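Coordinate inspection notes
Here is what each chain is made of, one letter per residue.
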Amino acid sequence: MSRGRPTPQVTGISPKEGVPWTKVTIRGENLGTSSQDLIGLTICGHNCLLTADWISHSKIICRTGPAKDDRGDIIVTTRLGGQGTSTVTFRVIKFIKIDILEPSAVWLEEFTTDLRPGRNKIASPLSLRPTNPLGIFMDSEKQISQEELAEMFPGMSGDFTSETFSPIWYLIENHHSCSFNTLKVGASNLRKQALRKDEGGLSCVKGGLGTFFEAQDALSAIHQKLEKEGTKTVEGSMTEDVEYILDKANTCADALFQDVLHRKDKADATRNALGILQRFKFLFNLPLTIDRNIQKGDYDVVINDYEKAKSLFGNTEVHIFQKVYAEVEIRIQSLQCLLLEKLLETPSTLHDQKRYIRYLSDIRAPGDPAWQCIVGQHHWLLQLMLGCRERFFLQGAESRCAVASNWPEHPCSSATRVARSEVQHRTDGFHSTMVHGNLAPTKENVQPQVQFAEALTNAVLSHLPSLWKLWICYVNGSLFSETGEKSDQLEKAKRIARQKQNDFRKMLTELLSVLVKLLRGALLSHSMSGTDKTKYGGWEGYGELKSHDIARQVSTVRETGEGLAGLDIPADMLVGLQDLTLDLRIHAVTVALQHAANVKQLAITDWLQNNQGIASLPFHFEQHIRFMLQSLQDVVKCKPGEVSVFLQESNQKMVSDMCVNIVQAFMGCLEDLATHPYPGTDGAHFTQELPSRHTGGLNGTLPSSPEERLLLVLNTCRSLAQHDFQALAQLLTMHEFPNPNIVLESGLSAVSHLDNKLFEDYVEKKADPLVGALEPGMYAGYFDWNDCLAPSGVRNYLKEVLMSLTAVHAEVFAMSRELVSRVLSRLIEGVAEEMARLLQCVHAFSTHGTVQAHLELYAFQHSTSAFHTPRSRQSFKQAVTLLPQINTGMDRKLMADLVNRFKNNMKLQLICFQTVP
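A few words now on the side chain of Ser875. Note that Ser875 resides in helix H27 (residues 870-882). Excluding residues that lie within four positions of it along the chain, Ser875 makes contacts with Ala832, Glu833 and Ala836.

In this structure the tally under the stated criterion is 28 salt bridges. Residue Glu671 pairs with Lys757 through a salt bridge whose shortest N-O separation is 2.5 Å. Of this pair, Glu671 sits in helix H21 (residues 649-675) while Lys757 sits in helix H23 (residues 740-778), and the two are 86 residues apart along the sequence. Assessed through its relative accessible area of 23%, Glu671 is described here as partly exposed. With a relative accessible area of 38%, Lys757 lands in the partly exposed category. When the shortest N-O distance is used, the salt bridge between Arg871 and Glu833 registers 2.3 Å. Placement of the pair is Arg871 in helix H27 and Glu833 in helix H25 (residues 818-840), with a sequence separation of 38 residues. Given a relative accessible area of 30%, Glu833 falls into the partly exposed group. Through salt bridges with shared partners, one network takes in Glu760, Arg826, Glu829, Glu833 and Arg871.

Quick look at the sheet that holds strand S6 (residues 53-56) now. Spatial ordering of the open sheet is given by S6-S7-S3-S1-S10, a layout of five strands whose pairing is mixed. The open sheet has two edge strands, S6 and strand S10 (85-86), and neither has a second partner. Note: S6 against strand S7 (residues 59-63), three bridges, orientation antiparallel. Bridge pairing links Ser56 to Lys59 in S7.

For the rest of this paragraph, the subject is the confidence of the model for the protein chain. Keep in mind that low pLDDT regions are not for reading the predicted coordinates in detail. Looking at the protein chain as a whole, the pLDDT averages 78, with 80% of positions reaching at least 70. The model gives residues 97-101 a pLDDT under 50, and that stretch makes eight contacts with residues more than four places away or in other chains. Here residues 105-128 is modelled with pLDDT under 50, and outside its nearest four sequence neighbours on either side it reaches 19 contacts, counting other chains as well.

Our focus in this paragraph is empty space enclosed by the protein. All chains considered together, the criterion is met by four cavities of 30 Å³ or more. Of the pockets and cavities examined, the largest cavity occupies roughly 90 Å³. Taken together, Pro618, Phe621, Glu622, Ile625, Phe666, Leu720, Asp724, Phe725, Leu728 and Leu731 make up the lining of the largest cavity. Of all the elements in the fold, those that place two or more residues in the lining of the largest cavity are helix H19 (617-631) and helix H22 (706-734).

Take His526: it is sitting in the loop between helix H15 (501-523) and helix H16 (531-536). Sequence separation between His526 and Glu540 is 14 residues; the distance between their C-alpha atoms is 9.1 Å.

Our next topic: helix H24 (residues 796-815). In this model, H24 (20 residues) spans 29 Å end to end at C-alpha, consistent with the 28 Å of a helix rising 1.5 Å per residue. Among all positions of H24, only Tyr797, Leu798, Val801, Leu802, Leu805, Thr806, Val808, His809, Val812 and Met815 are buried. If you follow the buried residues of H24, they end up packed against H22, H23, H25, helix H26 (847-863) and helix H28 (889-905).

Cut-offs and rules
- Residues numbered from 1 in each chain as written.
- Predicted model: local features only at pLDDT ≥ 70, side-chain atom pairs only at ≥ 80, totals over all residues.
- Heavy atoms only, no water.
- Helix = DSSP H or I, 4+ residues; strand = E, 2+ residues; numbered from the N terminus.
- Contact = heavy atoms within 4.5 Å.
- Salt bridge = Lys/Arg side-chain N within 4 Å of Asp/Glu carboxyl O.
- Buried < 20%, exposed > 50% of the residue type's maximum accessible area, 1.4 Å probe, protein only.
- Pairing = 2+ DSSP bridges.
- pLDDT = per-residue confidence, 0-100.
- 1 Å grid on protein atoms, 1.4 Å probe; cavity = no way out; pocket = protein on both sides within 12 Å on 5 of 7 lines; lining within 4 Å.
- Points joined across faces, edges and corners; volume = space filled by probe spheres on them.
- Expected span 1.5 Å × (residues − 1).

Following this line, the structure appears as structure tokens:
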């Protein structure tokens, strides 16, 4: 009765039939929790508990017994689950002695018929069975082919001597035209034959019962006579005669049947041998089957067959079985070598590696194949990285030597050939991998170290994750999770893997260290020293990397670090790669700022101005800086786990100083634009990717004079101080650059200095002619203040000064309204000071001279009053104090008339001096 646990259930037995005492394996569910829990096991009604060996709750091994029935169930009984059920049956094959001689209790006359089988014909063990066991009509014509029958009954056979015999197949093949009643008659005949076989010995006894009684009576009579005579021990008695007669009869019988019995024994031996071959054909065919499956690559089938053979014949004592099993072991050893060779092939996928490791584990390969694969992958990946450097290094050397190929003897030619011959045998093995693993050199016009860095990181990201995942599977035992019931082996493998953690950590550390050193040697060789630079560097001769190349490599190294970090590799092992990323980011910023400082090319024919009178140079400079900052945007931005490029104060100061240098270089370029008639450049580092936007102002004309260039740059400086440098500081702030105020202050200071310098130059160019023309014009025609005619108006020299100032006003106004007041004020200051100096040098004034001096001084002062400054007012005031006063009303009226005439005549010219724009 069940005690709260499921009842046992048998779902399979192997083999499904056999003679008594056959070793069978029973599989099912709930077959007990231990050997003590198993209290009953019957097969075909026979108790097999004594031979039962409990393996697990789903597996029991035992031997069958002399069953009561030919076919029966397998019933398992447990203490906790009670008596179980069975979904399969077992058939007991009873021994049937097949003989050419039928048993007989009496002497039979010899037949003339030769009962011996053909000497040249090999008799099968079942050759004496009837060809028509049903005893009914058999169809001679086969209406259904064997192929169709095989499709209808897959895995079955129509041969009733086969283990896979199908009765339906047999009936369709041999009796398809018989009626149902005829088949019933055949079934009855089959039952009778079975009964006759079972009663063969009994019928023999019944048939010879009289003979047995006669023999019994004879023996009893002899016994009584011997007792009566009492001659039991007397020599020559009747006993000896009987013994003699019996020995003679025995000898005669042996002589008569010796040949028949010998042939019978030989036939029995032959039948037994054929029976063994037929029964154990799996073992005898196994060596050939293993060879065929190995050639086809069906290693799973080979391993399953080997496991089956090992469980059946691994401990056999039969010599022939031992011999065949030894052949199987030889082939399994060859398979071990083949699988190990395939396991160590490179490159290979993780799936193939795990599959070969499981195969080797299943066939109990010596050593530790998983660890051998890990060590081999580590060595191969290390050589792949070094071979990649050698290949790209030689490619770069050949490209450099190709430039000088027209020289008679170039030192690189022979050296390259020697180096190539030395490493070709080491790198040829990696060629296929580099082509398929994106290691082959690209056709882009990029430097070899850039190609090498990208190829190296691609190789590491392609193969290192497989090595790491293989190690994880090795540690957690998942490599052996599909090898069946091998829990002991699994725990042993885990224990061995834990002991090798330090060794694998050293291997992984070595791979990552070599990766960092190779990348640093190609991209940051200046940061290395000593033997590392000699071993991993040497790329200096291939040219310096451009800023966009370095920024691109920052992204490449970042992706490599992110890919490795995603594998859950310990963070402390990736510190070197993180340091390399930070150094590369700093180097990218440094190189970009160095390249940005070379802005001289911006000044080439860059006189064009926009509609506000500002040169296009600041616009291109802003685009230049914007492009540089955008190219560094990803470099400066911190990814998870990274630190800022500007975290250290030394880096902040370095970047600020370089930004200031860029501003200083730009201001120098702007100064060259103002002072050189044909500005040029001595470098060509300015990127060609910047947009060109020349929007022409003033009909797109170019400044034709030095004064116009000065005005253009002066107006540009004003725009820089008011807008452009503020925008530059905002750009730096937006891109998280440090100390933008320092850059702004430096730019404003440089602009102020340049503005003052250029303004003085322009004022000097304009003031010198004006001031220089005052004295000659004032004393033209030998004019004398103390002896002159009555004034008739403002003299021409002063009108020429005003016309010159009008021309300057027009020139400046055409460029920038904001500069008009500043320029004219300085020019008027110079003219006022010169007029005051000249009047101070006059010793005496006549009445007419006094009126003329007041008229000219008042006309100039009144005309330019809108641009007076404290300095110019002081000069006018000083000049007035030097003149005598007009005393008479007639002179005052004359002066007023002359002033009005001057204003009317010069009205159009004096409009520009009326208000400050």
